[in-house]
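Report on the structure
Single-letter residue listing:
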Amino acid sequence: MLNLINDPWIPVIRAGSSAVIRPDQIAEADVERLDWQRADLNLACMELLIGLIYLAHPCTNRAAPPDAATLRNALARLAPAFNLLGDGPLFLQDMEALEGEPNPPDMLFIDSAGASTAKKNADLMVRRGRYEGLQLPVAAMALFAMQAFAPSGGAGNRTSMRGGGPMVTLVRPEADGLWPLIWANVPHGTPLPADDLHKLPWMRETVSSKPEGVVMVPEEGSQSAPAPQVFFGQPRRLRLVENGGVVTGVIQRPYGNNYQQWLHPLSPYYKDATGQVLPVHPKPGVFGYRNWRGVLLTSDKGLKPQVLTTYLKDVKAAKCSLIVAGWAMDNMKPQDFIWSEQPVFTLSEKTEFAATDMVEAAEAAGFALRVCVRDGGDDNRALAALEGFYNATQGPFEALLAKMAADGAVRHDAWLKSLRKAALVEFDAAVLPGLPDLAESKREAAIKARGKLLAAFSGFGLGKSIYGPLGLVAQKKKETV
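Keep in mind it's a predicted model, so treat the numbers as computed, not measured.

**Structural notes on the sheet that holds strand β2 (residues 17–21)**
Taken in spatial order, the three strands make up an open sheet running β2-β1-β3, and their pairing is antiparallel. Two strands in the sheet have a free side with no partner beyond their single neighbour: β2 and β3 (31–34). Taken over all neighbouring pairs, the strand axes of this sheet differ in orientation by 40 degrees on average, direction set aside. With three bridges joining them, strand β1 (residues 10–14) and β3 adopt antiparallel strand pairing.

**Some words on the packing of aromatic side chains**
Applying the stated criterion to the full structure yields 19 aromatic pairs. Each ring, one from F144 and one from F232, has its centre 6.0 Å from the other, and the planes form 70 degrees; the classification is edge-to-face. One end of the pair, F144, is in helix α4 (residues 136–149); the other, F232, is in the loop between α5 (178–184) and β6 (237–243), and 88 residues separate them in sequence. Residue F232 is classed as buried on the basis of its relative accessible area of 0%. Ring centres of Y289 and F397 lie 4.6 Å apart, and the angle between their planes is 15 degrees; this geometry places the pair in the stacked category. With Y289 in the loop between β9 (277–279) and β10 (302–303) and F397 in helix α8 (residues 382–407), this residue pair connects regions lying 108 residues apart in the sequence. By relative accessible area, which is 1% here, Y289 ends up buried. Following the ring pairs from residue to residue traces out a cluster consisting of Y289, W292, F345, F389, Y390, F397 and W415.

**Here's the deal with a nonpolar patch on the surface**
A surface patch of nonpolar side chains, about 190 Å² in accessible area, is lined by L263, V277 and L303. In this fold, L303 is placed in strand β10. For L303, a relative accessible area of 32% translates into the label partly exposed.

**Looking at the confidence of the model for the protein**
The predicted model of the protein has a mean per-residue pLDDT of 92, with 94% of residues at 70 or higher. Overall, residues 120–125 carries pLDDT values under 50, and its contacts beyond four positions in sequence, including any with other chains, amount to six contacts.

**Side note on the environment of L424**
You can see L424 is positioned in helix α9 (residues 412–431). The exposure class assigned to L424 is buried, which follows from its relative accessible area of 10%. Sequence separation between L424 and L453 is 29 residues; the distance between their C-alpha atoms is 7.8 Å. L424 has contacts with R450, L453 and L454, leaving out every residue within four places of it along the chain.

**Examining the side chain of R236**
On the secondary structure map, R236 appears in the loop between α5 and β6. The side chain of R236 is buried and forms no salt bridge, while D94, the nearest opposite charge, is found at 12 Å. Of the polar contacts made by the side chain of R236, one reaches the side chain of Q252; its length is 3.2 Å.

Cut-offs and rules
- Residues numbered from 1 in each chain as written.
- Predicted model: local features only at pLDDT ≥ 70, side-chain atom pairs only at ≥ 80, totals over all residues.
- Heavy atoms only, no water.
- Pairing = 2+ DSSP bridges.
- Helix = DSSP H or I, 4+ residues; strand = E, 2+ residues; numbered from the N terminus.
- Axes fitted to C-alpha atoms, helices over the stretch in contact; angles between N-to-C directions.
- Phe/Tyr/Trp six-rings, centres within 6.5 Å; stacked < 30°, edge-to-face > 60°.
- Buried < 20%, exposed > 50% of the residue type's maximum accessible area, 1.4 Å probe, protein only.
- Patch = residues over 30% accessible without salt bridge, like charges linked within 9 Å, V, L, I, M, F, W, Y side chains within 5 Å.
- Areas by Shrake-Rupley, 256 points an atom, 1.4 Å probe, with all protein chains shown as cover.
- Salt bridge = Lys/Arg side-chain N within 4 Å of Asp/Glu carboxyl O.
- pLDDT = per-residue confidence, 0-100.
- Contact = heavy atoms within 4.5 Å.
- Lys, Arg positive; Asp, Glu negative; His and termini not counted.
- Polar contact = N/O pair within 3.5 Å; in protein donor to acceptor, adjacent residues only side chain to side chain.

Take a look at the structure:
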């Protein structure tokens, strides 16, 4: 009935063709990539594989990954904890045989409508009734994804260890294939012994979190080497219902594990105004350099993902990129699923802080552009102009950081020129078309707004917030044309 360690169940592209493999077979050289039909399942499967390798054969030497035979032997002791159906403890499911009316199996997908939403016909941006039955591999992967990314879902339905829809960050090394990607993200630690399988939450009775004070916190000292539960949190109390080898329903009960204070190595965190450390969540839209602070760049309040800092320590002068992915949520409503790959630059402390200042200056420049487009009489195009501005400056930002990584020289003057050029192009495209045909008052407003934008890039008015982070001094004469 599917054991996730012993049986082949993971769809991949292998030597250019579709195949299904066991977890240990990811270390075979011709396995290219995962091949689930949904991007969120591909992401979740990467996390699952990283977690399995961490339990069985954590990293001790990044340069010496285990081979497939070694992995198979190491993973074998975990097999009793990874049955999906049948008797005994079941993977990521409540130990009790839960009673009640099953929900449709598509409740395991974040972008599916909940029962209340469907009943009210309010599922405009989410979908209902897509999956009448799930094949066991898909059900297993969807179950893991729900537990790992669980959004808020009504009274007592707990969010994931990182809150609803966390940002997931994965190091992608230069080497091709699935195994180098997975191994690059496996934390350092010690293997989980066979007699410690009870440390996985489904291998013991669920402690109900119905009393508000009952929370699940990490054991003291577990943040230096992640506890097994970090990769296998179980916030939702679920039991799969199977009929003829297909999962046809899911029984859910509220008040599963209520996680607090956990730090996941595959996610960035930040400190709020009270000093509390919280996980970063994706925002809808394109993930670009404006989102790098606290993820790829040092920030006063941000904590970069542990997986990235560990990899850069392990592999000197590493050339890699960072996959940034996850569901952007509005409470329990999915807004967007992002998947982006961003370059990683090896910067000195000086140039990394300078890069962070460049992002702050860009935000100020974007604000100035948006204000001036609105002043110019085209409020409807202000947001589009802002998005165009960030897209146009992504390449110059990366090019400047590559030079800064190479020679250690700060290039704030060059960055200001790039910001100015992109802002003026976006302003002119948004405001100037048809200008001669406008009423005199509107033409004057547009011309005045352009002068205001030029003045900002000379360091006056709104430009003080651009020049400040860059440490530049305003020009003596502000431009007016």
